[in-house]
Amino acid sequence: MKIDLTDTTASKINKALVQGRRAIGTPAVGMVLTLVIVTDEENAYDALKAASDASHEHPSRTLVVIKRVSRSPRDRTQSRLDAEVRVGAEAGTGETVVLRLYGEVADHAQSVVLPLLLPDAPVVVWWPVNAPLDPAKDPLGALAQRRVTDTYASEQPVRDLATRSGTYTPGDTDLSWTRITPWRSMLAAALDQVTCEVRAVEVEGEEFNPSCELLAMWLADRLDVPVKRSLSGGPGLTAVRMDTSCGAITLDRADGSLATLSIEGQPARGVALKRRDTAELIAEELRRLDPDDTYASALRYGVDRLKASWPGNAPAPAKEEPVAEKEEPVTKGEPKSDGRGRLALPAPVETAAKAPAAEATAQAPVKQEPPRLEPVRKATTK
Amino acid sequence: MSSSNPLRDPADRRLPRIAGPSGLVIFGVTGDLSRKKLMPAVYDLANRGLLPPGFSLVGFARREWAHEDFAQEVHDAVKEHARTPFREEVWQQLIQGMRFVQGTFDDDDAFERLRSTIEELDKAQGTGGNFAFYLSVPPKSFPVVIQQLKKHGLADQKGGSWRRAVIEKPFGHDLKSAEELNKVVHEVFAPDQVFRIDHYLGKETVQNILALRFANTMFEPIWNRSLVDHVQITMAEDIGIGGRAGYYDGIGAARDVIQNHLLQLLALTAMEEPASFDADALAAEKTKVLGAVKLPQDLGRDTVRGQYAAGWQGGTKVRGYLEEDGINASSKTDTYAAIKLEIDNRRWAGVPFYLRTGKRLGRRVTEIAVVFQRAPHSPFDTTATEELGSNAIVIRVQPDEGVTVRFGSKVPGTSMEIRDVSMDFAYGESFTESSPEAYERLILDVLLGDSNLFPRTEEVELSWKILDPIEEYWDSNGKPAQYPAGTWGPVEADEMLERHGRSWRRP
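Cut-offs and rules
Residues numbered from 1 in each chain as written. Chains lettered and ligands numbered in written order. Predicted model: local features only at pLDDT ≥ 70, side-chain atom pairs only at ≥ 80, totals over all residues. Heavy atoms only, no water. Helix = DSSP H or I, 4+ residues; strand = E, 2+ residues; numbered from the N terminus. Buried < 20%, exposed > 50% of the residue type's maximum accessible area, 1.4 Å probe, protein only. Contact = heavy atoms within 4.5 Å. Areas by Shrake-Rupley, 256 points an atom, 1.4 Å probe, with all protein chains shown as cover. Domains from an automatic or database assignment. Buried area = accessible area lost by both parts, 1.4 Å probe. Salt bridge = Lys/Arg side-chain N within 4 Å of Asp/Glu carboxyl O. Polar contact = N/O pair within 3.5 Å; in protein donor to acceptor, adjacent residues only side chain to side chain. Nonpolar A, V, L, I, M, F, W, Y, C, P; charged D, E, K, R; others polar. Disulfide = S-S within 2.5 Å. UniProt positions renumbered as here; feature names shortened; annotations may be inferred.

K.L.:
Would you explain the overall build of chain A in this entry?
P.N.:
The helix and strand inventory of chain A stands at 14 helices and 14 strands. Of all 382 residues assigned to chain A, the portion counted as buried reaches 52%. Look at the contacts in chain A between residues 6 or more apart in sequence, and 70% of them connect residues 24 or more apart. Accessible surface computed for chain A: about 17300 Å², of which carbon and sulfur atoms make up 53%.

In structure tokens:
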């Protein structure tokens, strides 16, 4: 059933939830978490649909926070909260409240959400679009144990990845990372089948798809080898090629559903590697609510180090211009590591030996990013 | 293998435990179990991305099938019984490794063909010589198949590969036959490569017994003789023996259910906390508690067996056991068995464990009820607590998996009146749709070589040591009591509890 409340408050919404549950005859349900979806009117429908599909696996209270745009000065001075309470068949296996915020209250969404959180149960905030660059500092994000962003939907995905690595707080996660779990698990399974050393990796996929960067960074981080990022028409990720001491291992997915795994010396095999829809991604995301250290480690590896790890990895600089200011220390470092990259490729044995040093120097720009002034100051005192 | 894999990291909890390169050979692949449980479980595992690329499935049966017919049969079984939705790309991945070998169990040629099929799969699919043999065959064919596997070198583990045997109950029909069976199997497969399937142990709720007891603080302090009055473990079925007359007659409910499922449930409910959650530590605790089980002194008084008589079961008129097709009218086989056991250790001394199982009972249900003592003193007068029963924690194993806690609560109103209420945790509510089938979990564990959820030789033999004296007593004394189909068993079983002022729960 659906209860519409106009110009309302959180306590009236709570009352309506109790009323709704009574009316359908299930006074208490075992909901496991509160999912807060922060979105605009345009994306609300799809996000809510994905969430209610995912709720079959994780019965939850879903709060959809829609900040309405005020189009006139008069609208901006008036603040209003409208709510739509759905329980029973219309809300998957949990309950849903759609909150529409007009005017000033839109800046204080946390005051509406806080009283509506389930007692004790964990809170997950998901921004399908327009995620804040520092999710943990966002007033809504601060309420949550888990903050789900989606760089895939952002204007400049790769730049956002770089920013996120600076603001990472345990509990942050990104759907672009969730998307590559099947790839990661298949690549790990492929390496289970052989005992050899990986020397270099190539990750191929669409431009502007941060999943490719994340997969490349994860591989670079775990394997400690140069990783080449190359472009293709998609859909999504199309191939990962690993050059190993016992021949090539290739996982190739041209059509977005059935991939081919070929390992040198073994027959090629078809493996199911379908692109998943948002509901499946959200369901996976809600399965574990502890910090994802592997994501943190891959993210912190850094987009810039990835670019530096293979000559020609850096995408056309024109696109990077708007953020040039932020990336200053990196461009300084690039020629150095560029040279290392070139050296490393023909002589893979040396790479292994040099890796620790490479890591230390390459990490430096990322680490120093927040107190960026320091080295400059030192230089002047000298 | 995976420890040296740089892409594997224990902290990376998103990556599922994928079995290494391997294949599964099913003997008796045309049977019911294989169609309804095993094939769908294999598909579900593949669909969840838990099978290795190149996983192979080999069927072995008498039927004259080509590989395509077999694939079609699996396809139909999967479509009908699988838990997860059918997806073409998963099917395409699976079908590449499907083979069928036609033959009988004494046919040497067929086993040679099986060997060459396995070798071909190693080349074509990269299974690396790792194969599990699932023996879904009648007990009498057991030794033949095992011997054939040995004779044709199919059980040999070469160069780091593994060969495993998966066997289903019954694990013998008494201690002697169980020991013989173990000898036959262990002659060919090493004990740690033999996996005895007790599908109850693959159920989420059963694994949850351990989580409930040892991951929480609020249950363990009351889990002992100071507060527990008694424990009831029930497994009831509403069906009769159906077409299984040949297997069932002479075996009976106690051997079929109590020896394996119920004694395993008892072990998990009563055991001490294991040092860790690995297979050895668990087996050690289970063995200890099974070894401490004490039989009642008067077997005539504290055990009951019964046979269902004609009656009405859920609105249908059904025949009695003795009128079933293929059953001798003078059969003494028990279709209902209830026994009282005690556990002789400091935690449980004096607390009776009542185990009961039966066919054609009220409804299909399996549960463990831990019933607590009444409050030693009540400040409320007797009229207030007239309707108050004993507190209980009930672990519902199937169906409607979950946990119920029963306790007294004041009835709203001006007078003081206390009545039983239940507090419920249902798997279906807190984690809908995510529970895998028991067979999925168990097949994956076999492929991973993880033996946590499989009873060991010692456990099987200890269980027979508990049951054998009861069966011997029943053989020489009296005959089964009759109970109308569709009821909760013979009156003798009720009397058995009433003597001590207790009663069976209606599950």
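K.L.:
What am I meant to see in the domain arrangement of chain A here?
P.N.:
Think of interface size as the accessible area that goes away when the parts come together; that is how it is often given. Residues and elements named next belong to chain A. Per the domain assignment, the segments making up chain A are domain 1 (2–149) and domain 2 (175–278 + 291–382). Counting from both sides, the interface comprises 5 residues of domain 1 and, opposite them, 4 residues of domain 2. Of the roughly 320 Å² buried at the junction of domain 1 and domain 2 (both faces included), carbon and sulfur atoms supply 58%. On the surface where domain 1 and domain 2 come into contact, there are 0 salt bridges. Put simply, domain 1 and domain 2 have 1 residue pair in polar contact (both at pLDDT 80 or more) between them. Ranked by residues supplied to the side of domain 1 that touches domain 2, first place goes to strand β7 (residues 146–149) with 3 residues. Grouping the constituent residues of the side of domain 1 that touches domain 2 by class yields 3 nonpolar, 1 polar and 1 charged.

K.L.:
Explain the environment of R76(A) here, please?
P.N.:
All names here are of chain A. Its location among the elements puts R76 in helix α3 (residues 73–77). Taking the relative accessible area as the measure of exposure, R76 reaches 47% and is therefore partly exposed. Along the primary structure R76 and A308 are separated by 232 residues, whereas in three dimensions their C-alpha atoms are 48 Å apart.

K.L.:
Hey, could you run me through the state of the cysteines in this one?
P.N.:
Note: disulfide means a covalent bond formed between the sulfur atoms of two cysteine side chains. Residue and element names in this part refer to chain A. Tallying each qualifying case throughout the model produces 1 disulfide over all chains. One disulfide bridge connects C196 with C246, the sulfur atoms lying 2.1 Å from each other. The disulfide joining C196 to C246 has a torsion of about -60° about its S-S bond and is therefore left-handed. Taken together, the residues span a long stretch of sequence, with C196 in the loop between α7 (181–192) and β9 (198–205) and C246 in the loop between β11 (237–244) and β12 (247–252) at a distance of 50 residues. In this structure C196 comes out as partly exposed when scored by relative accessible area, which is 22%. With a relative accessible area of 36%, C246 lands in the partly exposed category.

K.L.:
Any chance you could explain the UniProt feature "domain: Glucose-6-phosphate dehydrogenase NAD-binding" (unreviewed entry) in chain B here in plain terms?
P.N.:
Feature annotation in UniProt assigns "domain: Glucose-6-phosphate dehydrogenase NAD-binding" (unreviewed entry) to the following positions: residues 25–208 of chain B. Between the C-alpha atoms that bound residues 25–208 of chain B there is a distance of 30 Å. The span itself is 47% helix and 16% strand.

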